[in-house]
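Fold and geometry: a report
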Amino acid sequence: MVLMLKILLLAASLILIAFVLLQEGNSAGLSGSIGGGAEQLFGKKKSRGWERFFTRITVTGAIVFVAVSLTLVALE
């Protein structure tokens, strides 16, 4: 069972790395954090398409990663 959980942890890690790298980044730098806040608050929200899919896969991968990690710590 521990081996299966370690394989699942490896798969979740690789999925998490891949989908974080595939996501579109926010505005970079200090000027992006100052000016980008208003745009993000009042601008269009990207709730469709690939961005939404990547976000959902990333969140799911993170939840699986944390759950499996905690389970492995409890078992060993």
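Preceding this paragraph is the structure being described.
Described below are features of the structure shown in this document. (Residues numbered from 1 in each chain as written. Predicted model: local features only at pLDDT ≥ 70, side-chain atom pairs only at ≥ 80, totals over all residues. Heavy atoms only, no water.)

Notes on the pattern of salt bridges
Evaluation of the coordinates by the stated rule reveals one salt bridge. Taking the shortest distance from any N to any O, the salt bridge between Lys-6 and Glu-76 comes out at 3.6 Å. Here Lys-6 is found in helix H1 (residues 2-22), whereas its partner Glu-76 is found in the segment after helix H3 (50-75), with 70 residues between them in sequence. You can call Lys-6 partly exposed: its relative accessible area is 43%. (Salt bridge = Lys/Arg side-chain N within 4 Å of Asp/Glu carboxyl O. Helix = DSSP H or I, 4+ residues; strand = E, 2+ residues; numbered from the N terminus. Buried < 20%, exposed > 50% of the residue type's maximum accessible area, 1.4 Å probe, protein only.)

Structural notes on the packing of H1 against H3
Orientation of H1 relative to H3, taken along the N-to-C sense of each, is 150°, at an axis distance of 8 Å. Considering their axes alone, H1 and H3 lie roughly antiparallel with respect to each other. Of the two possible hands of crossing, H1 and H3 adopt the one that is left-handed. Of the residues that constitute the contact of H1 with H3, the class distribution is 19 nonpolar, five polar and one charged. (Axes fitted to C-alpha atoms, helices over the stretch in contact; angles between N-to-C directions. Parallel < 35°, antiparallel > 145°, perpendicular 65-115°, else oblique. Left-handed = near helix turned anticlockwise from the far one by under 90°. Nonpolar A, V, L, I, M, F, W, Y, C, P; charged D, E, K, R; others polar.)

A closer look at the packing of aromatic side chains
For any pair of aromatic rings, the description consists of the separation of the ring centres together with the inter-plane angle of the planes. For the coordinates displayed, the defined rule picks out five aromatic pairs. Ring geometry for Trp-50 against Phe-54: centres 5.9 Å apart, planes inclined by 35°, an arrangement best described as tilted. Placement of both Trp-50 and Phe-54 in helix H3 is noted, with a separation of four residues, approximately one turn of the helix. The interplanar angle of 50° and the centroid separation of 6.0 Å between the aromatic rings of Phe-53 and Phe-54 together place this pair among those described as tilted. Pairwise contacts between aromatic rings join Phe-19, Trp-50, Phe-53 and Phe-54 into one cluster. (Phe/Tyr/Trp six-rings, centres within 6.5 Å; stacked < 30°, edge-to-face > 60°.)

What to know about a nonpolar patch on the surface
A grouping of Leu-10, Leu-14, Ile-17 and Leu-21 is seen on the molecular surface, where their side chains present a nonpolar patch of about 450 Å² in accessible area. Relative to the helices and strands, Ile-17 resides in helix H1. Judged by its relative accessible area of 52%, Ile-17 is exposed. (Patch = residues over 30% accessible without salt bridge, like charges linked within 9 Å, V, L, I, M, F, W, Y side chains within 5 Å. Areas by Shrake-Rupley, 256 points an atom, 1.4 Å probe, with all protein chains shown as cover.)

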